[in-house]
Protein chains: 2
Amino acid sequence: MAKHRLTNKYYYGTDRMLVAVDCIIFGFDVKAEQIKILLFPREIEPFQGSWSLIGSFVQKKEDIDKAAARILRELTGLDQVFLEQHKVYGHTNRDPGDRVISISYWSFIKIEGPDRSLIKDHNAEWFPVRNIPKLVIDHNQMVEDALSLMRKNARYLPIGFELLPEKFTLPQLLKLYQEIYQKPIDDRNFRKKILATGLLKKLDSKDKTSSKKGAFQYSFDQTKYEELLQKGFDIEFQ
Amino acid sequence: MAKHRLTNKYYYGTDRMLVAVDCIIFGFDVKAEQIKILLFPREIEPFQGSWSLIGSFVQKKEDIDKAAARILRELTGLDQVFLEQHKVYGHTNRDPGDRVISISYWSFIKIEGPDRSLIKDHNAEWFPVRNIPKLVIDHNQMVEDALSLMRKNARYLPIGFELLPEKFTLPQLLKLYQEIYQKPIDDRNFRKKILATGLLKKLDSKDKTSSKKGAFQYSFDQTKYEELLQKGFDIEFQ
DNA sequence: TCAAAAGTGTTGGGATTACACCCATGG
DNA sequence: CCATGGGTGTAATCCCAACACTTTTGA
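Residues numbered from 1 in each chain as written. Chains lettered and ligands numbered in written order. Predicted model: local features only at pLDDT ≥ 70, side-chain atom pairs only at ≥ 80, totals over all residues. Heavy atoms only, no water.

**Some points on the environment of His122 of chain A**
All names here are of chain A.
- Its place among the elements puts His122 in the loop between helix 2 (116-121) and strand 7 (125-128).
- On the basis of relative accessible area, His122 is assigned to the buried category, the value being 2%.
- For the pair His122 and Asn140, spaced 18 residues apart in the sequence, the C-alpha separation amounts to 20 Å. (Helix = DSSP H or I, 4+ residues; strand = E, 2+ residues; numbered from the N terminus. Buried < 20%, exposed > 50% of the residue type's maximum accessible area, 1.4 Å probe, protein only.)

**Some remarks on the packing of aromatic side chains**
- Enumeration over the complete set of coordinates arrives at 28 aromatic pairs over all chains.
- Where Tyr225 of chain A meets Phe233 of chain A, the ring centres are 5.8 Å apart and the plane angle is 85°; that geometry is what we call edge-to-face. By the burial criterion, Tyr225 of chain A is buried, and Phe233 of chain A matches it.
- Ring geometry for Phe26 of chain B against Trp106 of chain B: centres 6.4 Å apart, planes inclined by 80°, an arrangement best described as edge-to-face. Taken together, the positions of Phe26 of chain B in strand 1 (residues 16-29) and Trp106 of chain B in strand 6 (residues 100-108) put the pair 80 residues apart, joining distant regions of the chain.
- Residue class for Phe26 of chain B comes out buried when judged on its relative accessible area of 0%.
- Grouped by ring-pair contacts, the aromatic residues Phe161, Phe168, Phe220, Tyr225 and Phe233 of chain A constitute a single cluster.
- Cation over ring: Lys202 of chain A sits above Phe216 of chain A, and NZ or CZ is 4.3 Å from the ring centre. (Phe/Tyr/Trp six-rings, centres within 6.5 Å; stacked < 30°, edge-to-face > 60°. Lys NZ or Arg CZ within 6 Å of the ring centre and 35° of its normal.)

**Focus on the protein's contact with DNA strand D**
- Around DNA strand D lies a shell of 19 residues, among which Lys213 of chain A together with Arg191, Lys192, Lys213 and Phe216 of chain B are the nearest.
- Protein-proximal atoms of DNA strand D, defined as those within 4 Å of the protein, fall in sugar or phosphate at a share of 43%.
- Lys192 of chain B is positioned with one of its side-chain polar atoms (N or O) 2.9 Å from a base oxygen of DNA strand D.
- Its residues placed into classes, the surface near DNA strand D shows three nonpolar, five polar and eleven charged. (Near = heavy atom within 4 Å. Polar contact = N/O pair within 3.5 Å; in protein donor to acceptor, adjacent residues only side chain to side chain. Nonpolar A, V, L, I, M, F, W, Y, C, P; charged D, E, K, R; others polar.)

**Section: the pattern of salt bridges**
- For the structure shown, the criterion picks out 31 salt bridges over all chains.
- Close ionic contact of Asp234 of chain A with Arg155 of chain A constitutes a salt bridge, the shortest N to O distance being 2.8 Å. Remark: Arg155 of chain A occurs in the loop between helix 3 (139-153) and helix 4 (159-163) and Asp234 of chain A occurs in the segment after helix 7 (222-231); sequence separation between them is 79 residues.
- Owing to a relative accessible area of 11%, Arg155 of chain A belongs among the buried residues under this scheme.
- One network of salt bridges, in which partners are shared, links Arg16 and Lys60 of chain A together with Asp98 of chain B. (Salt bridge = Lys/Arg side-chain N within 4 Å of Asp/Glu carboxyl O.)

**Looking at the side chain of His86 of chain A**
- Mapped onto the elements of the fold, His86 of chain A is located in strand 5 (residues 82-89).
- Apart from residues lying up to four places away in sequence, His86 of chain A is in contact with Ser104, Tyr105, Trp106, Asp145, Ala146 and Leu149 of chain A. (Contact = heavy atoms within 4.5 Å.)

**Examining the domain arrangement of chain A**
Residues and elements named next belong to chain A.
- For chain A, the domain assignment lists domain 1 (18-155) and domain 2 (157-231).
- The centre of domain 1, based on its C-alpha atoms, is set 26 Å off from the matching centre of domain 2.
- Where domain 1 abuts domain 2, roughly 1700 Å² becomes buried across the two surfaces, and 66% of that area is made up of carbon and sulfur atoms.
- When the buried area of domain 1 at its contact with domain 2 is split by residue, Phe28, Lys110 and Ala154 rank highest and sum to 33% of it.
- Between the two partners, domain 1 and domain 2, sit one salt bridge.
- Between Lys175 and Glu33 there is a salt bridge whose closest N-O contact spans 3.5 Å. (Domains from an automatic or database assignment. Buried area = accessible area lost by both parts, 1.4 Å probe.)

**Some details on the protein's contact with DNA strand C**
- Taken together, 19 residues are adjacent to DNA strand C, and Arg191, Lys192 and Phe216 of chain A together with Arg188 and Lys212 of chain B come closest.
- Within 4 Å of the protein, the contacting atoms of DNA strand C are drawn from sugar and phosphate to the extent of 46%.
- A distance of 3.3 Å separates a base nitrogen of DNA strand C from a polar side-chain atom of Arg188 of chain B.
- Going through the elements one at a time, helix 6 (187-196) and strand 10 (215-220) of chain A together with helix 6 (187-196) of chain B are the ones with two or more residues in the surface near DNA strand C.
- It is helix 6 of chain B that provides the largest number of residues to the surface near DNA strand C, a total of four residues.
- Grouping the constituent residues of the surface near DNA strand C by class yields three nonpolar, five polar and eleven charged.

**Description of the interface of chain B and chain A**
- Taken together, the 54 residues of chain B in the interface contact 54 residues of chain A.
- Across the interface of chain B and chain A, roughly 5300 Å² is buried in total on both sides, 54% from carbon and sulfur atoms.
- Where chain B meets chain A, there are four salt bridges.
- With a closest N to O distance of 3.7 Å, Asp98 of chain B and Lys60 of chain A form a salt bridge.
- At the boundary of chain B with chain A, the tally comes to 20 residue pairs in polar contact (both at pLDDT 80 or more).
- For the side of chain B that touches chain A, the secondary-structure elements that each account for two or more residues are strand 1, strand 4 (54-57), helix 1 (64-76), strand 5 (82-89), strand 6 and helix 2 (116-121) of chain B.
- The residue makeup of the side of chain B that touches chain A, split by class, is 21 nonpolar, twelve polar and 21 charged.
- Here strand 1 (residues 16-29) of chain A pairs with strand 1 of chain B via three bridges, running antiparallel. (Pairing = 2+ DSSP bridges.)

Below, the structure written as structure tokens:
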């Protein structure tokens, strides 16, 4: 009685639908001290021309993770960057064009990383997360959800690694964390904690672009990071 | 050039696929002091009769969250329980029957909650998480992933609320947490911490099923829990 | 020489851990 | 009366937050 309400017996006759992936691409603008998101004008109807996350339909013979990697590569030329599945958006009426299930992915890239000509081809632009325009369908919601996850999980995520350039200074890293948590962090305590993790390698060079004295540059220790990933780590600030 | 590789322009001609939801239903067997998962023998080919998570295809006019709630209700009679989306499994070859994207949901229920006749109709059984049989397709992976998320996030999750009966004792709650973390927790410190949250209401009654002295019963304060959810809370043990 | 950013240590308080004994009761 | 599980308090330690001044150097 309840049994025949289980609909998975219709394996060969059941509904098929469109499946899409959408990427929320985060970058950190070191000069502006702002976290930004890469958006582009949607290329198809409905909502052609409106600002949108970068997305695509998944092809029948394509893994969903591969689809996400594909569109990221198509738009930025980047491969092998942090790109993870986040959430599925599956309301029946979310897309007026058709029933579409959309899987959001989030990605952290170095803001100087993308191939400029690809960006330009697609008329893509970086928007500060505090100032995202109206986006198509439920993409604003996707961005909100991703931001809230970022704030919740920054302590466990390789945010510094992925969002900052190869060489960076401690004041830059501090500003990134302050931007994520939207609050000031004591710089002496920050230095102690972040250096204590062993994740940073101090370089001999100095970056003098933002002060006369110059700040020492650091790079991330990938090996140490992977070691910590195993043990489970946690960097918390105040 | 890169532009025409963006495939989302094929909005009306692109591939459609089957979308399924699968539920990982957790319960805590207080007597056995074990976390268990509800499984049933798959009702359709391929793999008919093999142990499987509870799942179903999503219908064209059905929200994915509704689909998950529907199958949980069909199998247990339960509604309004903790049920959250977890992860999407989308490899092209995961299901030999067809291309199927599957969205896993996880749920915490009171082990005595389900309607026994529904459970029996579907030949469903509870299996301890330490002893899950071989499941169809990638369902073992889904269980692994859910367990690892549970261990990672137990501090933020309403695990006690959902997995324990309405009235429970501190020794029972302690055993639940020890089972999750797979390590002993000092009971004096545990009591201090858990009581300090204000989440528990001490009742006058005692549960004498496991000792002659009897242990005081407690219930959860839902209001307090929702208040803490806002602020973001964190219960950590050793 | 001075403005502007980088860099550096210590201390008090609060939180967490470690730890051992008494209590209540049914059989 | 005793075996079994329930319940309780404190001291030592560690960790973290709070806090202000010196250094460097280009303009």
